[in-house]
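Each chain, written out:
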Amino acid sequence: MKWLQKINCFFHLPKKLLPFRFENPFTFTRQLNLLSFPPNPQTLKALCSNGQLTEALLTMAILGFGMNFEGYDALLNACVTRKAFREGQRVHAHMITTGYQPPVYLRTRLIVFYNKCECLKDGRQVFDEMPEWNVVSWTAMISAYSQREYYYEALSLFVQMLRSGTEPNEFTFASVLTSCTGASGFELGRQIHSLIIKSNFESHIYVGSSLLDMYAKAGKIHDARGVFECLPERDVVSCTAIISGYAQLGLDEEALELFRKLQVEGMSSNYVTYASVLTALSGLAALDHGKQVHNHVLRCEVSSYVVLQNSLIDMYSKCGSLSYARSVFDNMPERTAISWNAMLVGYSKHGMGSKVVELFKLMREENKVKPDSVTYLAVLSGCSHGGMEDIGLEIFDEMLRCKDGVELEIEHYGCIVDLLGRAGRVEGAFEFINKMPLEPTAAIWGSLLGACRVHSNVDIGEFVGQRLLEIEPENAGNYVILSNIYASAGRWEDVRTLRELMNCKAVTKEPGRSWIELDQTLHTFHAGDHSHPRRDEVFTKVREFTVKFKEAGYVPELSCVLHDVDEEQKEKILLGHSEKLAMTFGLIASPEGTPIRLMKNLRICVDCHNFAKFVSKVYGRKVSVRDKNRFHHIVGGICSCGDYW
């Protein structure tokens, strides 16, 4: 047969002329026997359709100069689908060797193929060698850069496209908008938005989704919502983008409210939607709602992607239910570094140092996922919160020796300062900071200042406090802690000077906000709140509880009040703190003996922390408080934080 004779000569051609040839003639012959009829372009297309890529490549070799557009198209599509890099290279080499001049369409398919195989340089070379471009080829290259986060290159190519006179289409706009990040990128994105309006693409679903995502990531959530409301139709991508935008900006209640509204309107959700909703529920610490979403995911049989499972671990951890978080973690078919880190951070935030170390050892023993810098942050923080000083220092020493190849960052040094300070080694922590190879941040000095307050080290506390007032002159927390240090030493003149300085610089504390979930309803309280429907009853009960707690030994911490008023007025101000209002509401609105779980947007103040301990001690309630920093689990008047947070 002529076509068999033709193949025999392929093994005698120089390798440089046939880079796609098969090295072993015996292997080639065995595979050739799989073809029961003379090869032709139709044969090749059929083989590609059936997934027989090896046989299709054999057919290409047999056809040689007889290959045509349909054959190359079928082969490239098969290589793109399977991300078959070596096979795709052979197809490209065959075009070059046979002198075939592919049209714009096939060259664009080559760009798509190289992008799929993460070979952007080869894709760009194909693009640069094209004799002409159309909107599809420009878009393919722009999309390739955007997907790989080469934002500058994507935006530069888009500008070149406009200068060439090629009109963008909806896919071009949707691709380039994802590259409009950062301050300069956002400004360019606004200009592109104007071009989109002129081109009448604003109402297109792909373009609209990319636009609102760009605005949301830039923190312009109102602009994002405006784009969303103007969309003539909404799909799961656009709905998820706006919900995610609210959640990422910490507007958790708005994200949840919008999710409910869109569900009523018949929105379909995917795993990304649910992951965004879980992020919002994590911020609200709404455990009952989180369980509902988890049940809905299970009932609807949503694909259990690792991203969604990581979100579930994070949600349960931040809602105070570590047993549920660990259950999700243990049942994961595969775990990424993010999965391990989410579970480690969960244990760390709850002060469960031994669990952190135990899980870290398991991670190393499995040796499937390597620890990263976040892993070590979680472990060191867990050792600090769990009172495991020696183990924490040992792990830090391993980092110094680069045991897992993780470079030390400023946050790791901060964990050691916190660990030493928590252990009462204030001088050692101060010396450690002075010997650090990196410039200490405000967070590190703040950690040491907190240790000075707890361990009554006035000398170092005064030095660190004054340093912080220079670095962060508008951070009210530093004034409060330094004021407490002075007050504990009886230095009332310094306390007054500090408060006058605050008034002079108009430093004010961020308004405190606390909330508690009862019967799947979130009850939110602000400092001095008068908006809650049961406000009068709550305020009356706060006063009653305060009197009762004083009899049991409670003494109001007046230094927590920053206003220049008399002591009686200070005590009244303390009564209106949002934590007390939320705790009191929990006491009067929940069944006797049930735990009280509340959340706070800032660090819990010393006075409210003491109040919570007496709630636990006098009424026999377990109190869990999640503040900005960590969880406080209080049982019988004793807190898991050891009175240091």
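Residues numbered from 1 in each chain as written. Predicted model: local features only at pLDDT ≥ 70, side-chain atom pairs only at ≥ 80, totals over all residues. Heavy atoms only, no water.

Caption draft 1: Structural view of the overall build of the protein chain. Tallying secondary structure elements over the protein chain gives 34 helices and 6 strands in all. Projected onto its principal axes, the C-alpha positions of the protein chain cover 105 × 55 × 50 Å. The proportion of buried residues among the 645 residues of the protein chain is 51%. A sequence separation of at least 24 residues applies to 62% of the contacts in the protein chain between residues at least 6 apart. With an accessible surface of roughly 30900 Å², the protein chain has 51% of that area assigned to carbon and sulfur atoms. Seen as two clouds, the 69 positive and the 75 negative side-chain charges of the protein chain have centres 5 Å apart. (Helix = DSSP H or I, 4+ residues; strand = E, 2+ residues; numbered from the N terminus. Buried < 20%, exposed > 50% of the residue type's maximum accessible area, 1.4 Å probe, protein only. Contact = heavy atoms within 4.5 Å. Areas by Shrake-Rupley, 256 points an atom, 1.4 Å probe, with all protein chains shown as cover. Lys, Arg positive; Asp, Glu negative; His and termini not counted. Charge placed at Lys NZ, Arg CZ, Asp CG, Glu CD.)

Caption draft 2: Summary view of the packing of helix H25 (residues 410–422) against helix H27 (residues 442–454). Remark: H25 packs on H27, axes separated minimally by 9 Å, with the N-to-C direction vectors making an angle of 5°. On the basis of the axis angle, H25 is roughly parallel to H27. From H25, Ile410, Gly414, Val417, Asp418 and Gly421 reach across to H27, where they touch Ile444, Ser447, Leu448 and Ala451. (Axes fitted to C-alpha atoms, helices over the stretch in contact; angles between N-to-C directions. Parallel < 35°, antiparallel > 145°, perpendicular 65-115°, else oblique.)

Caption draft 3: View of the packing of aromatic side chains. Taken as a whole, this structure holds 31 aromatic pairs when the rule is applied. With centroids separated by 5.6 Å and ring planes inclined at 40°, the aromatic side chains of Phe171 and Tyr206 adopt a geometry described as tilted. Residue Phe171 is found in helix H11 (residues 170–177), and its partner Tyr206 is found in helix H13 (residues 205–217); the two are separated by 35 residues along the sequence. Looking at Phe171, the relative accessible area reads 41%, which means it is partly exposed. Judged by relative accessible area, Tyr206 falls into the partly exposed class, the value being 44%. When the ring of Phe545 is compared with that of Tyr619, the centres are 5.3 Å apart and the planes differ by 70°; the resulting orientation is edge-to-face. In this pair, Phe545 sits in helix H31 (residues 535–551) while Tyr619 sits in helix H34 (residues 606–619), placing the two residues 74 residues apart along the sequence. On the accessibility criterion, Phe545 (7% relative accessible area) is buried. Over the ring of Phe329 we find Arg335; its NZ or CZ atom is 4.3 Å from the centre of that ring. (Phe/Tyr/Trp six-rings, centres within 6.5 Å; stacked < 30°, edge-to-face > 60°. Lys NZ or Arg CZ within 6 Å of the ring centre and 35° of its normal.)

Caption draft 4: Highlighting the sheet that holds strand S5 (residues 631–635). A sheet is described by the order of its strands in space; here 6 strands give the open sequence S2-S1-S3-S4-S5-S6, paired in mixed fashion. Among the strands making up the open sheet, the edge pair consists of strand S2 (521–526) and strand S6 (638–639). As defined by bridge partners, strand S1 (residues 513–518) adjoins strand S3 (residues 596–600) across 3 bridges and the pair is classed as antiparallel. Bridging across to S3, Trp515 finds its partner in Met599. (Pairing = 2+ DSSP bridges.)

Caption draft 5: The packing of helix H26 (residues 426–435) against H27, seen in detail. One can describe the packing of H26 onto H27 by two numbers: an axis separation of 10 Å at closest approach and a directional angle of 165°. When the axes of H26 and H27 are compared, the pair comes out roughly antiparallel. Seen along the crossing, H26 lies across H27 with a hand that is left-handed. Contact with H26, carried on its side by Val426, Ala429, Phe430 and Ile433, involves Ile444, Trp445, Leu448, Ala451 and Cys452 of H27 and no other residues of that element. (Left-handed = near helix turned anticlockwise from the far one by under 90°.)

Caption draft 6: View of the pairing of S2. In this structure, S1 lies alongside S2, joined through 6 bridges in antiparallel fashion. In the sheet register, Ser514 faces S2, and the bridge partner there is Phe525. Linking S1 back to S2 in an antiparallel pair, the connection comprises 2 residues, with Asp519 at a positive phi of about 50°.

Caption draft 7: Quick look at unusual backbone geometry. Located in the positive-phi region is Lys83, a residue other than glycine, with phi close to 50°. Turning to its location among the elements, Lys83 is positioned in the loop between helix H5 (69–82) and helix H6 (85–97).

Caption draft 8: Local environment of the UniProt feature "repeat: PPR" (unreviewed entry) in the protein chain. UniProt feature "repeat: PPR" (unreviewed entry): in the numbering of this structure it lies at residues 68–102, 134–168, 235–269, 336–370 and 372–402. Between the C-alpha atoms that bound residues 68–102 there is a distance of 9 Å. The span itself is 77% helix and 0% strand. This span, residues 372–402, is 81% helix and 0% strand, and a straight line between its end C-alpha atoms measures 12 Å. (UniProt positions renumbered as here; feature names shortened; annotations may be inferred.)

Caption draft 9: The arrangement of helix H16 (residues 252–264) in detail. Taking 1.5 Å of rise per residue, 13 residues should cover 18 Å, and H16 covers 19 Å from first to last C-alpha, within 8% of that figure. Looking at the buried residues of H16, the elements they touch are helix H14 (221–230), helix H15 (236–248) and helix H17 (271–284). Directly beyond the C-terminal end of H16, a positive phi value near 95° is found at Gly266. (Expected span 1.5 Å × (residues − 1).)

Caption draft 10: Local environment of the pairing of S3. With 4 of 5 residues buried, S3 is to be regarded as a mostly interior element. Where S3 meets strand S4 (residues 623–626), 4 bridges bridge the pair, whose relative direction is parallel. Its bridge partner being in S4, Leu598 is matched across the sheet by Val625.

Caption draft 11: Structural detail: the side chain of Glu579. Here Glu579 is to be found in helix H33 (residues 578–589). The residues touching Glu579, leaving out its near neighbours within four places in the chain, are Ser514, Leu598, Lys600, Arg603, Ile604, Cys605 and Cys608.

Caption draft 12: Just the nonpolar core, in detail. Counting 147 residues, the largest nonpolar core has Leu44, Leu75, Val91, Ile192, Ile242, Ile243 and Leu448 as the members making the most contacts within it. Counting residues in each nonpolar core, the second largest holds 35 residues, with Val542, Leu587, Ala612 and Ile634 among its members. (Core = buried A, V, L, I, M, F, W, Y, C linked by side-chain atoms within 4.5 Å.)

Caption draft 13: How the structure looks around the pattern of salt bridges. This model, assessed by the stated rule, comprises 25 salt bridges. Note that Arg335 and Glu366 form a salt bridge whose closest N and O atoms lie 3.4 Å from each other. Placement of Arg335 in the loop between helix H20 (322–330) and helix H21 (337–349) and of Glu366 in helix H22 (residues 353–366) is noted, with a sequence separation of 31 residues between them. Judged by its relative accessible area of 31%, Glu366 is partly exposed. Notably, a salt bridge pairs Arg496 with Glu493, separated by 2.9 Å at the nearest N-O pair. With Arg496 and Glu493 both in helix H30 (residues 492–505), this residue pair falls 3 residues apart, about one helical turn. A single salt-bridge network, built from bridges that share partners, covers Arg225, Glu229, Arg234 and Glu265. (Salt bridge = Lys/Arg side-chain N within 4 Å of Asp/Glu carboxyl O.)

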